[in-house]
Amino acid sequence: MVKHVRFKKAAILGVLLLFSFTIANAGENSTKPQFTTGLDIGYSSGFHIQMSGMVSDFAREFPLSFRASVGYSTVEPGDAAAARRIFINNATNGIPEEKGSQWELRFDLLYPVQIFSIKTSYLYLGPRYVRFKGNFKYIGGNEDFDVKSNQWGVGTGLESHFPMSQSVDLVLSGGLDYFPSATLTGHDTSYSPDEEAVNPREDYTFDDADEAINQPKLEPRLIVGIAYRF
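Residues numbered from 1 in each chain as written. Predicted model: local features only at pLDDT ≥ 70, side-chain atom pairs only at ≥ 80, totals over all residues. Heavy atoms only, no water.

Visitor: How should I be thinking about the nonpolar core in this particular structure?
Guide: As a rule of thumb, soluble globular proteins bury nonpolar side chains together. Of all hydrophobic cores here, the largest spans 18 residues; its most connected members are I86, F87, F136, F145, V147, L184 and I213. Within the residue set of this core, elements represented by two or more residues are α2 (80-87), β5 (118-139), β6 (143-163) and α3 (206-212). Looking at which element gives the most residues to this core, the answer is α2, with 5 residues. The residues touching I213, leaving out its near neighbours within four places in the chain, are P77, G78, A83, F87, F132, F136, V147 and L184. (Core = buried A, V, L, I, M, F, W, Y, C linked by side-chain atoms within 4.5 Å. Buried < 20%, exposed > 50% of the residue type's maximum accessible area, 1.4 Å probe, protein only. Helix = DSSP H or I, 4+ residues; strand = E, 2+ residues; numbered from the N terminus. Contact = heavy atoms within 4.5 Å.)

Structure, rendered in structure tokens:
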């Protein structure tokens, strides 16, 4: 919980620093930057919600916009029985319950493109950071543990804006994110992609853990949202 709070504070601070930097340099660029905030929902490994801040026209004749976003997804964490064997023991008692979540921090550069007759569309590309957590609980089996990973990745996609009023747009977006495999840690055990392991169970390896746990890998995204320009 403490780590999640720190992560959210760091994400908010990053967005505020972006806006402060832009305002401080607006006079030097001799142009008035445009700010846009957004609230989006959709699918990204599961139900997804995110907030974003975007700045455009912060340099004369510079075509790119910059956006920072913080998002949260509910996800399917993996195979509960396999997770117990790989990270805890071979016990089979108890009724399994599982839930998963992802906190995401996203940065994008957006380039305006023409998509059919849609006036405002962008191709976007940028790095992502995600904190994955899968919780596995066995009711009556006295086991309740988390499996976690932290990953950097990259993503790209297309989005289009449709005016609803002078300052509000409907936003439709589709994209794809890629995250290389990362160390999976649960209970007092961890498995790393380089095949290093801490307190591994039996002869299990990272490949076994990675197959059992649904940490982010290749993640499609379908998003709809509202953007407000000011």
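After presenting the structure, the write-up continues.
Visitor: Hey, could you run me through unusual backbone geometry in this one?
Guide: Where the residue is not glycine, phi is negative for most of them; where a peptide bond is considered, it is trans in most cases. For F116, which is not a glycine, the phi torsion comes out positive at approximately 55°. By the secondary structure assignment, F116 is in the loop between β4 (95-115) and β5. According to the relative accessible area criterion, F116 is exposed, its value standing at 78%. Residues other than glycine seldom take positive phi values, yet H187 does so here, at roughly 60°. Structurally, H187 can be placed in the loop between β8 (184-186) and β9 (189-191).

Visitor: Just checking my understanding: could you explain the layout of surface pockets for this structure?
Guide: Any empty space left between the atoms is revealed when a probe the size of a water molecule rolls over them. Of the volumes computed, that of the second largest pocket is approximately 220 Å³. Lining the second largest pocket are 17 residues, and of these Q34, S56, S65, T120 and Y122 sit closest to its centre. Mapped by element, the contributors of at least two residues to the lining of the second largest pocket are β1 (34-44), β2 (47-56) and β5. Sorting elements by how many residues they give to the lining of the second largest pocket places β5 first, with 4 residues. (1 Å grid on protein atoms, 1.4 Å probe; cavity = no way out; pocket = protein on both sides within 12 Å on 5 of 7 lines; lining within 4 Å. Points joined across faces, edges and corners; volume = space filled by probe spheres on them.)

Visitor: Just checking my understanding: could you explain the packing of aromatic side chains for this structure?
Guide: Think of a pair of aromatic rings as described by two things: how far the centres are apart, and how the planes are tilted against each other in angle. Under the definition given, this model contains 9 aromatic pairs. An angle of 20° between the planes, with centres 6.0 Å apart, marks the rings of F35 and F230 as stacked. Placement of F35 in strand β1 and of F230 in the segment after β11 (218-229) is noted, with a sequence separation of 195 residues between them. For F230, a relative accessible area of 51% translates into the label exposed. Seen from their ring centres, F66 and F107 are 6.2 Å apart, and the 25° between their planes marks the pair as stacked. Separated by 41 residues along the polypeptide, F66 in strand β3 (residues 65-75) and F107 in strand β4 bring together distant segments of the chain. Three or more aromatic residues joined by ring pairs form one cluster here, namely F35, Y228 and F230. Residue placement shows R67 over the ring face of Y124; its charged tip is 5.3 Å from the ring centre. One Lys or Arg, R84, reaches over the ring of Y138 and ends 4.3 Å from the middle of that ring. (Phe/Tyr/Trp six-rings, centres within 6.5 Å; stacked < 30°, edge-to-face > 60°. Lys NZ or Arg CZ within 6 Å of the ring centre and 35° of its normal.)

Visitor: Would you take a moment to explain empty space enclosed by the protein for this structure?
Guide: All chains considered together, the criterion is met by 2 cavities of 30 Å³ or more. Together, 21 residues line the largest cavity, and D40, Q50, S52, R67 and E159 are the ones closest to its centre. Of all the secondary-structure elements, those providing two or more residues to the lining of the largest cavity are β1, β2, β3, β4, β6, β7 (168-178) and β11. Broken down by element, the lining of the largest cavity gets its largest block of residues, 5 residues, from β11.

Visitor: Explain the side chain of Q151 to me, please; I cannot follow it from the model alone.
Guide: Along the polypeptide, Q151 turns up in strand β6. Classification of Q151 by relative accessible area gives buried; the value is 1%. A polar atom in the side chain of Q151 sits 2.9 Å from the backbone oxygen of P180. There is a polar contact of 2.9 Å between the side chain of Q151 and the backbone oxygen of P216. Those residues in contact with Q151, other than ones at most four positions away along the chain, are R128, Y129, V130, F179, P180, S181, A182, Q215 and P216. (Polar contact = N/O pair within 3.5 Å; in protein donor to acceptor, adjacent residues only side chain to side chain.)

Visitor: Looking at this model, I keep getting lost on the pairing of β6. Mind explaining?
Guide: In the case of a regular strand, side chains alternate between the two sheet surfaces. Pairing of β5 with β6, which is carried by 19 bridges, proceeds in the antiparallel orientation. Bridge pairing in β6 places S121 opposite S160. As consecutive antiparallel partners, β5 and β6 are separated by 3 residues, and within that stretch G140 has a phi angle of approximately 90°, a positive value. In this sheet, β8 lies alongside β6 in antiparallel orientation, the contact comprising 2 bridges. Residue pairing in the sheet places K148 in a bridge with T185 of β8. Between β6 and β7, which pair antiparallel and follow one another directly, the connecting turn spans 4 residues. (Pairing = 2+ DSSP bridges.)

Distances and angles like these do not, on their own, reveal function.
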